[in-house]
Amino acid sequence: MTVTGAPRTGVTLRLLDKADKEIVNLDRAVLGAFYKFQHDFRRNPDAGGFDLKQLEGHDRLWSARLNREWRALMIRLGGDDWLLVSVKHRSHVHKNLDRFNYGINHITGAIEYVDLQVVEESVLRRGLTPPAAPAPAPTPLPAPEPARPQPAEEPLFAAYTDEQLADLGVAGPLIPIVRKLTTDDELLGLAEYAPRHTGEVLLRLRDGVPYEAVMEQVTAPVAVAEAEQGPGTDDWQAAVDRSQTVVITDDESLQSILEEGDFGRWKIFLHPTQEKLVHRRYSGPARVGGGPGTGKTIVALHRVCHLVRKLPPGRDKPVLLTTFNRNLAADLRARLLSLGGPDVLARVDIAHVDQLATRIVSEADPGNAKRRIDDTAALREWRELLVEAGENRWSAEFLSDEWNQVILGQAVTSRTDYFTARRAGRGRSVTRAERAGIWQLAERFTQRLETKGLETHRQVAERAARLEMARKAKIDRRAEERRERGGLDNIHFEAGSGAWLRYRYRHIVVDEAQDLSAAHWKMLRAMVPSEPDNIFLVGDTHQRIYDNQVTLGSLGVHIRGRSSRLTLSYRTTREILRDAIRVLGDADYDDLDGAADTLAGYRSVLHGLTPSLRGARSWDEEMDLVVEQLRAWHDVPRESTAICVPTNDMVTQLAERLERRGITPTEITQDGPRSDQGVHIGTMYRFKGLEYRCLIIAGAAEGLVPRASVDAWERTDPSRHQRELHRARSLLFVAATRARDALAVTWHGRPSRFLAPLLPPG
């Protein structure tokens, strides 16, 4: 059937999740035809040339002509509301009319589309039914021994009935294929093109999560009552609101989705299984963990929007969104604006933790003119102090760490408090007499900085923590006095001016929580009342790249019983993910609350190229390898490509080499990339929170990753040696997982010891 009648305008054209995955891989000419089609179709589907037809045997599936050979497949939701589900060659459409399945999932109430032919081919590529080898020519041979029958491989989901899978929300048309899966590769082949809910259910079951737990954690949060789905589960307009779709509003938004993939509008997409974490009411601080690309930041941003929308009207900013550094804070601001708009942004204070601490200290001491120094400069001051004092019992490195991690990190303000301070993870134990000596040196060091007009970021954080803790104590004391007098309780956050002292915020949301210090956490904890939904944090200790070891419970941030973990990566291919996890080895990581954290069950349904590993004899030769790799990625926009290296000197040298070879470099500074154009280059630390289609890790050589000085700690301070190795592994892990589609790793001389699991033996 062909649509006829009066011209129509104002057509709504939606894009179903995963349709972009197929479209972006089209030939350039076909992609151009698709762009023109969607532009013209949205203006008027009757303009001519679309040959818009309802497909034979289908109630709602239509095809529209892109060009002579290619067709767009769309579900007509009703009236002028269309859902684009695929772009196919016309021969595929004609041959597979009976293989196109779509409908409203009877559990989730969402629209699902499955091309069974594509799914079966994806599974087949991973070895479900390998092609038979050609029969060899007959050759006389001795009679063979009777062959022993080989046991058939057990199907992955043999323990579950069809009804159980359907009750979990697995797409009905896929259940017969699910029954035949025998390997993880085949499962990933199916999950690549299956509806997301189906993929997540099957991956959780395969990870060994009990059926009842999958029902509770994955299916129940997105299940809808039959009455909500409309009569006969055929209310497509209601179903589209429960589906993972994007309305195409203009050519630029579509280009962002297709060409940037997860880097465009999908960056703010919320998966149904994440939605329950966003909207849940927590009785106190809550934590969401998970590996790179699992959507932790997306969950945090949606959580901010959810909290803001529950606020009473006002012009104040009772919600704080914070993270570790300036780059990430700027990115959070841009993404929150895109997600929630200016109305949400107007109610949120966005600042990185050191900026926040500086603000607090400046309020208390507006005339402070001290010069801020980093940890490296502070370590030099420690060395000079020890020389001047003739002190040789302790190294400058040990004292610097003790001062940073214990004294400043825990906001210890007196010698007595230091005697009882916890020193978990510090390795070397110290006696009471030794603590007295260390405290005396710390006091001399603090006085030295004071005399020179210097201060460190950690000192500012510690002072801000003390100020906020004192403020909280005063608030609580006044509230208790009012309650005793039968008056009103304190107002919970600082709304500007007023007669009563108030908490600064009602809610705090923290991104990259693993990198905050103990002093930061004490400061944040004192900024909100002890009420439900006060602190929401997301992070992954496998990505901890700064030496901030904390146990939140000891700092008053009690997350026990309110922790969740995301396991499905939406950004990185399984090939990149596999190698990145191997880099971590069997090292132990904590969960910020004294227990072990794990990446068990962490996986991706995305499929791509195996990472490239190449060595060179010298740094000069390695830079040539980098240039060669960039030229091989000539079809990828330069700004979607990046190189990370271990040192600043290597950034400079590599940028000069690229310029000489006609490739524009853009250095990543603490404020972000210097320009929107060119290949991004920076040290590994600069890549936290960034994402690229293609990425090169250069200089991954022994002596650079980890740096040569790390092993000096092995005999003198084994605990610190292990911490430094952990940080170096985490840094490499973070760098590797910044890549979405392709990763290349290069080195000169000997490869880093961390690459050993990726290289052939010998």
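Calculation rules
- Numbers given to residues run from 1 along each chain, matching the order in which its sequence is written.
- Where totals are concerned, whole chains, interfaces and linings use all residues; where local detail is concerned, this predicted model gives features only for residues with pLDDT of at least 70, and gives and counts side-chain atom pairs only at 80 or more.
- Hydrogens and waters are ignored; side-chain quantities use all the structure's heavy atoms.
- Two strands pair if DSSP finds at least two bridges between them.
- Think of it this way: any DSSP run of H or I at least four residues long counts as a helix, any run of E at least two long counts as a strand, and we number them from the N terminus.
- For the exposure calls, accessible area comes from a 1.4 Å probe over protein chains only, and a residue counts as buried if that area is under 20% of its type's maximum, exposed if over 50%, partly exposed in between.
- Only buried Ala, Val, Leu, Ile, Met, Phe, Trp, Tyr and Cys residues count toward a nonpolar core, and they belong to the same one when joined by side-chain atoms within 4.5 Å.
- Any two residues whose heavy atoms approach within 4.5 Å at even a single point are treated as in contact.
- In protein, a polar contact requires one atom able to donate a hydrogen and another able to accept it; more generally it is a pair of N or O atoms within 3.5 Å, and residues adjacent in sequence count only if both atoms are side-chain atoms.
- Every axis in this analysis is a line fitted to C-alpha atoms, fitted for helices over the stretch in contact. Angles between the N-to-C directions lie between 0 and 180 degrees.

Undergrad: Could you clarify how one ought to interpret the sheet that holds strand β21 (residues 612–616) in this entry?
TA: Adjacent strands of a sheet pair through backbone hydrogen bonds, lying either parallel or antiparallel. The sheet built from seven strands is open, its strands ordered β21-β27-β26-β22-β25-β23-β24 with mixed pairing. The two strands at the open ends of the sheet, each matched to only one other strand, are β21 and β24 (672–673). Relative to strand β27 (residues 739–748), β21 is paired through five bridges, and the arrangement is parallel. Looking across to β27, one finds that Ala616 is bridged to His748.

Undergrad: Just checking my understanding: could you explain the environment of Arg478 for this structure?
TA: Position of Arg478 relative to the elements: it lies in helix α20 (residues 457–484). A residue is classified by how much of its surface remains accessible, and Arg478, at 35% relative accessible area, is partly exposed. Linking Arg478 and Leu501, residues 23 residues apart in sequence, is a C-alpha distance of 8.4 Å.

Undergrad: Is there a simple way to think about the nonpolar core in this case?
TA: What tends to happen in soluble globular proteins is that the nonpolar side chains get buried as a cluster. With 36 residues, the main nonpolar core has Met684, Leu695, Ile697, Leu732 and Leu743 as its most contacted residues. Only α22 (574–584), β22 (641–645), β26 (692–697), α26 (718–736) and β27 provide two or more residues apiece to this core. Counting residues per element, this core draws most heavily on α26, at eight residues. If we skip the residues at most four places from it in the chain, Leu695 touches Trp633, Ala642, Cys644, Phe687, Ala735, Arg738, Ala739, Ala742, Leu743 and Ala744. Ala166, Leu190, Val201 and Tyr211 belong to the second largest nonpolar core, which has 32 residues in total.

Undergrad: What's the story with the pairing of β22 in this structure? I'm lost.
TA: Residues in a regular strand project their side chains so that they alternate between the two faces of the sheet. With five of five residues buried, β22 is to be regarded as a mostly interior element. Here β22 shows no split at all, with Thr641, Ile643 and Val645 on one side and Ala642 and Cys644 on the other all buried. Where β22 lies against β26, four bridges are found, and the strand directions are parallel. Bridge assignment links Thr641 to a residue of β26, and that residue is Cys694.

Undergrad: I keep staring at the side chain of Glu455 and nothing clicks. Help me out?
TA: Position of Glu455 relative to the elements: it lies in strand β13 (residues 454–456). At 3.4 Å, the side chain of Glu455 and the side chain of Asn368 are in polar contact. At 3.3 Å, the side chain of Glu455 forms a polar contact with the side chain of Arg372. Those residues within four positions of Glu455 in sequence are excluded, and the remaining contacts are Asn368, Lys370, Arg371, Arg372, Ile373 and Val460.

Undergrad: What is the right way to read unusual backbone geometry from this model?
TA: What you tend to see is this: most non-glycine residues have negative phi, and most peptide bonds are trans. Omega for the bond connecting Val705 with Pro706 falls within 30 degrees of zero, at -5°, which places this linkage in the cis form. By the secondary structure assignment, Pro706 is in the loop between β26 and α25 (713–716). With a phi angle near 85°, Lys18 is a residue other than glycine that sits in the positive phi range. Along the chain, the position of Lys18 falls in the loop between β1 (12–16) and α1 (19–23). Although it is not a glycine, Asp533 adopts a positive phi angle of roughly 60°. A relative accessible area of 6% places Asp533 in the buried class.

Undergrad: So what exactly am I meant to see when it comes to the sheet that holds strand β16 (residues 563–566) here?
TA: Strand order in the open sheet formed by six strands is β11-β10-β14-β15-β9-β16, with parallel pairing between adjacent strands. Of all strands in the sheet, those bounded by a partner on one side alone are β11 (348–352) and β16. Strand-to-strand twist in this sheet, taken as the mean axis angle between neighbours without regard to direction, amounts to 15°. In this fold helix α13 (residues 296–309) packs onto β9 (286–290), β10 (319–323), β11, β14 (507–510), β15 (535–539) and β16, with an angle of close to 165° to the strand it touches most, β15.

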